[in-house]
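# Structural overview
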Amino acid sequence: MSEHKFDTKTVTLGYSPEKWNCYSVVPPIGMSTTFELEDPSTDKGYLYTRTSNPSRSQLETGIALLEDSRYALCYSSGICAIGAVVQMLSPGDHIVSDSIIYGGTYHYFNRIVPRSNITTTYIDTTNPSNVEKALKEHPNTKLVYLESPSNPLTTVCDISKIAQIVKKHEGVILAVDNTFLTPYFQKPLHLGAHVVAYSLTKYMNGHDDVCMGAVCCNDEEIYLKLKSLQNDTGLNPSPFECYLTFRGLKTLAIRMRQHMKNSIEVAKFLETHPKVVKVLHPWLPSHPQHEVAKKQASGHSGMVAFYVKGGLKEVSDLLKKFKLIGMAASLGGVHSVAEIPTVLSHASVPEDMKEQLGITNNLVRLSVGIEDAEDIIEDLNQALSVIVSFS
Ligand SMILES: *Cc1c(COP(=O)(O)O)cnc(C)c1O
């Protein structure tokens, strides 16, 4: 199995009809919460669904295969997966995080995590020496948290360079949120990370109908800690959603290729438009970390960030003029959607920090879907042409 190419792996995941009495080619959904025991104190593999469940195991095995990881664990949301990683820490510990991260993660680090007496320092990780400096300044650091490419700006950091720095500090875990790229384009564990976190809600499931998360790792000690935390705190997803995500994975490779092809065409179009000030797409030479992106990933998804001439009014008008592109939160689905980070996904980031990071009111985060690129460009073009032009 594992010597097959990525596309073949996605399609053949879980294809084992001989496992089922009915020779079903698709694994059945295991909704049962409890399982017949071998004897009163011994199970036959499954005991109780919070601990483990056949549909969840199926998905976890599939994700580990695609990620090339020894272990994968699934959770009821991406935030829940990130929360599980943080819960491995103890009161008094410290987190060094990328300053540009998903707004919900930022909110969690700032509002919830401090209640456990764990603090976070935010740094610009595009310069790896900032990680070195932060680890020196905060010797109680136990987690370095990266998001590359970042939400919403697609900022890229050099994961292997940062991994080399982190490795010099014993007991510090390097975690990378790989939601924007999936294992199809980037495998952070190969680059030296200890842990990879996912919002499966986005590209991995890909159809805007499941909220789930995952964590992958190779280290047994980390895995056992996470496994016990998952059971002890009930961070488990539903079997039905595991089934849906497993189904979504079957088309991951083909979807990611189309997202990439479309987003490059869209980003190139936007770069030429007079009402667009700047476009951020890691696969375009104009992206500030284009070289690092090409070094550590094999492509980019459908995520594009762009600045429009004007302010919140112009950008709001633009979103309302779209006919094909949805005006909605979330990303990574087959359908194109756009949002304004300052008022939606990153509304909880303080104003001065947003300004400093470049998350300004004229920024649009566009999740380019797998429609025909010409139709997406046509929609952008008609909407851009009707908004008031500012010079
Ligand atoms: C959406 C998102 C999350 C949170 O995932 P949920 O499934 O919404 O809980 C985390 N990281 C990134 C990069 C995201 O885009």
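Criteria and cut-off values
Residues numbered from 1 in each chain as written. Predicted model: local features only at pLDDT ≥ 70, side-chain atom pairs only at ≥ 80, totals over all residues. Heavy atoms only, no water. UniProt positions renumbered as here; feature names shortened; annotations may be inferred. Helix = DSSP H or I, 4+ residues; strand = E, 2+ residues; numbered from the N terminus. Contact = heavy atoms within 4.5 Å. Domains from an automatic or database assignment. Salt bridge = Lys/Arg side-chain N within 4 Å of Asp/Glu carboxyl O. Polar contact = N/O pair within 3.5 Å; in protein donor to acceptor, adjacent residues only side chain to side chain. Nonpolar A, V, L, I, M, F, W, Y, C, P; charged D, E, K, R; others polar. Core = buried A, V, L, I, M, F, W, Y, C linked by side-chain atoms within 4.5 Å. Buried < 20%, exposed > 50% of the residue type's maximum accessible area, 1.4 Å probe, protein only. Axes fitted to C-alpha atoms, helices over the stretch in contact; angles between N-to-C directions. Parallel < 35°, antiparallel > 145°, perpendicular 65-115°, else oblique. Left-handed = near helix turned anticlockwise from the far one by under 90°. Pairing = 2+ DSSP bridges. Near = heavy atom within 4 Å. Patch = residues over 30% accessible without salt bridge, like charges linked within 9 Å, V, L, I, M, F, W, Y side chains within 5 Å. Areas by Shrake-Rupley, 256 points an atom, 1.4 Å probe, with all protein chains shown as cover.

## Section: the UniProt feature "modified residue: N6-(pyridoxal phosphate)lysine" (unreviewed entry) in the protein chain
- With numbering matched to this structure, UniProt assigns "modified residue: N6-(pyridoxal phosphate)lysine" (unreviewed entry) to Lys 202.
- Looking at the element boundaries, Lys 202 is found in the loop between strand S6 (195–199) and strand S7 (213–217).
- In this view, Lys 202 contacts Thr 179, Ser 330, Leu 331 and Gly 332; residues no more than four positions away in its chain are not counted.

## Quick notes on the domain arrangement of the protein chain
- Its domain assignment divides the protein chain into domain 1 (6–249) and domain 2 (252–386).
- Relative placement of domain 1 and domain 2: their C-alpha centres are 26 Å apart.
- Taken together, the contact between domain 1 and domain 2 spans 43 residues of the former and 43 residues of the latter.
- Counting every contact that joins domain 1 to domain 2 gives two salt bridges.
- Linking Lys 295 and Asp 158 is a salt bridge whose minimum nitrogen-to-oxygen distance equals 2.6 Å.
- In this assembly, domain 1 and domain 2 are joined by 21 residue pairs in polar contact (both at pLDDT 80 or more).
- It is helix H4 (residues 103–112) that contributes the most residues to the side of domain 1 that touches domain 2, four residues altogether.
- Tallied by class, the residues present in the side of domain 1 that touches domain 2 amount to 21 nonpolar, 18 polar and four charged.

## A short note on the nonpolar core
- Core analysis: the largest hydrophobic core is formed by 64 residues, its most contacted members being Ile 63, Leu 270, Phe 306 and Leu 380.
- Considering every element that reaches this core, the biggest residue donor is helix H10 (residues 252–272), with nine residues.
- The residue makeup of this core includes at least three contributed by each of domain 1 (6–249) and domain 2 (252–386).
- With near-sequence residues (within four places) excluded, Ile 63 lies in contact with Ala 72, Cys 74, Leu 200, Met 204, Ala 214, Cys 216 and Leu 249.
- In terms of nonpolar packing, the next biggest core, distinct from the first, is built from 41 residues, Tyr 75, Val 86, Tyr 108 and Leu 143 among them.

## What to know about the packing of helix H2 (residues 54–67) against helix H9 (residues 239–249)
- Where H2 contacts H9, the axes come no closer than 8 Å and their chain directions differ by 30 degrees. Classified by the interaxial angle, the pair formed by H2 and H9 is roughly parallel. For H2 against H9, the interelement crossing comes out left-handed. Only Pro 239, Cys 242, Thr 245, Phe 246 and Leu 249 of H9 make contact with H2, whose side of the interface consists of Ser 55, Arg 56, Gln 58, Leu 59, Ile 63 and Leu 66.
- Residue classes in the contact of H2 with H9 are distributed as seven nonpolar, three polar and one charged.

## Some points on the sheet that holds strand S9 (residues 303–308)
- Here we have five strands laid out as an open sheet, ordered S8-S9-S12-S11-S10, and mixed in their pairing. Each edge of the open sheet is held by one strand with a lone partner, namely strand S8 (276–280) and strand S10 (326–327).
- As paired elements, S10 and strand S11 (residues 337–339) share two bridges and run parallel to each other. Directly across from Gly 326, in S11, lies its bridge partner Val 337.

## Some details on the site of the ligand
- Lining the immediate surroundings of the ligand are 14 residues, of which Ile 79, Asp 177, Ser 199, Thr 201 and Lys 202 lie closest.
- One nitrogen or oxygen atom from the side chain of Asn 151 is found 3.1 Å from an oxygen atom belonging to the ligand.
- Within the side chain of Lys 202, an N or O atom sits 2.8 Å from an oxygen atom of the ligand.
- No other element matches the three residues that helix H3 (residues 78–86) contributes to the shell around the ligand.

## So, the packing of H10 against helix H14 (residues 373–386)
- At a closest axis distance of 9 Å, the pairing of H10 and H14 adopts a crossing angle of 30 degrees. Between H10 and H14, the angle is such that the two are roughly parallel. At the point where H10 passes H14, the crossing takes the right-handed sense. Listed contacts from H14 to Asn 262, Glu 265, Val 266, Phe 269 and Leu 270 of H10 are Ala 373, Ile 376, Ile 377, Leu 380, Asn 381 and Leu 384.
- Looking at the contact of H10 with H14 residue by residue, the classes come out as eight nonpolar, two polar and one charged.

## As for the side chain of Ser 69
- Summarising the element assignment, Ser 69 is placed in the loop between H2 and strand S1 (71–75).
- Assessed through its relative accessible area of 10%, Ser 69 is described here as buried.
- If we ignore the near neighbours within four places in the chain, the residues touching Ser 69 are Ala 64, Leu 189, Cys 216, Cys 217 and Asn 218.

## Details of a nonpolar patch on the surface
- A surface patch of nonpolar side chains, about 290 Å² in accessible area, is lined by Tyr 15, Val 25 and Val 26.
- Following the sequence through the fold, Val 26 ends up in the loop between helix H1 (6–12) and H2.

## Focus on the environment of Gly 213
- Within the secondary structure, Gly 213 is located in strand S7.
- As a C-alpha pair, Gly 213 and Thr 182 span 31 residues in sequence and 12 Å in three-dimensional space.
- Apart from the residues within four sequence positions on either side, Gly 213 is in contact with Leu 73, Cys 74, Tyr 75, Ser 76, Ser 77, Gly 78, Ala 81, Tyr 198, Ser 199 and Leu 200.

## Let's talk about the pattern of salt bridges
- Following the criterion strictly, the structure yields ten salt bridges and no others.
- A salt bridge links Glu 265 to Lys 261; the shortest N-O distance between them is 3.6 Å. Remark: Lys 261 and Glu 265 occur in helix H10; sequence separation between them is four residues, near one turn of the helix.
- Of the charged contacts, one joins Glu 351 and Lys 354 as a salt bridge, the two residues approaching to 3.4 Å between their closest N and O atoms. Here Glu 351 pairs with Lys 354, and both are found in helix H13 (residues 351–357), just three residues apart, close to one helical turn.
- Look at Glu 351 and you get exposed, because its relative accessible area is 60%.

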